[in-house]
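# Summary of the model geometry
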Amino acid sequence: MSAAALSPKGVEQWQQDLDFYRTELHKKHIDLFHKIDKVDFDDYLKKLKSSLPVLTEEQVWVELMRLTQRVGDGHTSMPLWQQETQNLPFEVAFFQGKVHVTAAPKEYEALLGSELLTINGELVSTVAKAVSELVPFRENAYSSTVRTAQYLLNAQVLIGLGVIAGGSDIPLSFQTDEKKVYLKTRAFTSPKLPA
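Procedures and definitions
Residues numbered from 1 in each chain as written. Predicted model: local features only at pLDDT ≥ 70, side-chain atom pairs only at ≥ 80, totals over all residues. Heavy atoms only, no water. Helix = DSSP H or I, 4+ residues; strand = E, 2+ residues; numbered from the N terminus. Contact = heavy atoms within 4.5 Å. Lys, Arg positive; Asp, Glu negative; His and termini not counted. Charge placed at Lys NZ, Arg CZ, Asp CG, Glu CD. Buried < 20%, exposed > 50% of the residue type's maximum accessible area, 1.4 Å probe, protein only. Arc of directions from axis to C-beta. Salt bridge = Lys/Arg side-chain N within 4 Å of Asp/Glu carboxyl O. Core = buried A, V, L, I, M, F, W, Y, C linked by side-chain atoms within 4.5 Å. Expected span 1.5 Å × (residues − 1). Axes fitted to C-alpha atoms, helices over the stretch in contact; angles between N-to-C directions. Parallel < 35°, antiparallel > 145°, perpendicular 65-115°, else oblique. Nonpolar A, V, L, I, M, F, W, Y, C, P; charged D, E, K, R; others polar. Phe/Tyr/Trp six-rings, centres within 6.5 Å; stacked < 30°, edge-to-face > 60°.

## Regarding the overall build of the protein chain
The number of helices and strands found in the protein chain is six helices and eight strands. If you list the helices and strands of the protein chain from N to C, you get α-α-α-β-β-β-β-β-α-α-α-β-β-β. Seen through its principal axes, the protein chain has C-alpha atoms that stretch 55 × 35 × 30 Å. Sequence-distant contacts, at least 24 apart, represent 64% of the contacts inside the protein chain between residues at least 6 apart. Charge-centre separation for the protein chain: the mean point of 21 positive side chains lies 2 Å from the mean point of 24 negative side chains.

Have a look at this one:
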């Protein structure tokens, strides 16, 4: 996983993909502009296309996810299902407004139940707010919380948001019952999910 700018060929492919995205949404969505203004939608896409030469793959995905979320319904989404992704080696969930570790590999099992405080020095609450603005299938407060937890430790999303850099150790901090724990970890590859 690299956070390098798109190649000229990558830019050309994304331009075609964004044209296809726009055309298909216009054709198939029952009421595309019920929450977002048509001019705002088209301006967002135009700006995204013109920015492609300086963006990374991860940034393009994040911007496309953000725009799709602005359409304003839980059925129009841009999930990362059909691509191999990388995630930090934990699963988390929100409990009483805080992010807690619900699954961890054996070497980190002492962190089960602990609160995740920071990702690469950024407060988890700040990162979670940014992630919640682009997660797919967000229809209400409950689904937003669940989806945000699912995407919170996705390396592509974190790179696209500028929280982490590709290919580096990622500092995390946790609060257990007894103490704060600091560690560095890497993302691991997750299999593609079926559509």
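Continuing now.
## Let's talk about helix α4 (residues 124-132)
When we look at burial in α4, the residues that qualify are Val124, Val127, Ala128, Val131 and Ser132. The buried residues of α4 occupy one face: seen down the axis, they fall within an arc of 135°. The exposed residues of α4 that point more than 90 degrees off its buried face are Ser125 and Lys129. Buried-residue contacts for α4 involve β2 (91-95), β3 (98-103), β4 (115-119), β5 (122-123), α5 (141-151) and α6 (155-160).

## What to know about the pattern of salt bridges
Within this structure, the stated rule accounts for eight salt bridges. Glu63 is the salt-bridge partner of Arg66, the closest N and O atoms lying 2.6 Å from each other. Taken together, the positions of Arg66 and Glu63, both in helix α3 (residues 57-70) and three residues apart, correspond to about one turn of that helix. For the salt bridge of Lys129 with Glu133, the shortest nitrogen-to-oxygen distance reads 2.9 Å. For Lys129, a relative accessible area of 53% translates into the label exposed.

## Description of the nonpolar core
Grouped together as the largest cluster of nonpolar side chains are 52 residues, with contacts concentrated most on Phe41, Leu116, Ile119, Leu152, Leu172 and Phe174. Residues contacting Phe41, with those up to four places away along its chain left out, are Tyr21, Arg22, Leu25, His26, Leu32, Phe33, Ile36, Leu67 and Val71.

## Some details on unusual backbone geometry
Despite not being glycine, Gln96 has its phi angle at roughly 50°, a positive value. Note on placement: Gln96 falls in the loop between β2 and β3. In the Ramachandran plot, Asn120 falls in the positive-phi region, its phi being about 55° despite a non-glycine side chain. Relative accessible area serves as the criterion here: at 36%, Asn120 is assigned to the partly exposed category.

## What about helix α1 (residues 8-28)?
In this model α1 runs 30 Å from its N-terminal to its C-terminal C-alpha over 21 residues, within 8% of the 30 Å that 1.5 Å per residue would give. Listed as buried for α1 are Gly10, Val11, Trp14, Leu18, Tyr21, Glu24 and Leu25. Looking straight down α1, one finds that the buried residues subtend no more than 155° of arc, so they occupy a single side. Opposite the buried face of α1, by more than 90 degrees, sit the exposed residues Pro8, Lys9, Phe20 and Lys27.

## Some remarks on the packing of α4 against α5
Between α4 and α5, the shortest axis-to-axis distance is 9 Å and the interhelical angle comes to 110°. In terms of orientation, α4 lies roughly perpendicular with respect to α5. Residues Ala128, Val131 and Ser132 of α4 form the contact with α5, whose own contacting residues are Ser144, Thr148 and Tyr151. Partitioning the contact of α4 with α5 into residue classes produces three nonpolar, three polar and no charged.

## A short note on the packing of aromatic side chains
For any pair of aromatic rings, the description rests on two quantities: the centre-to-centre distance and the angle between the ring planes. Counted according to the given criterion, the structure contains five aromatic pairs. Ring centres of Tyr21 and Phe41 lie 6.3 Å apart, and the angle between their planes is 15°; this geometry places the pair in the stacked category. Of this pair, Tyr21 sits in helix α1 while Phe41 is found in helix α2 (residues 38-51), placing the two residues 20 residues apart along the sequence. Note on Phe41: relative accessible area 0%, which makes it buried. When the centroid spacing of 5.2 Å and the interplanar angle of 40° are considered together, the rings of Phe90 and Tyr108 count as tilted.

Functional significance is not addressed by these values, which are geometric in nature.
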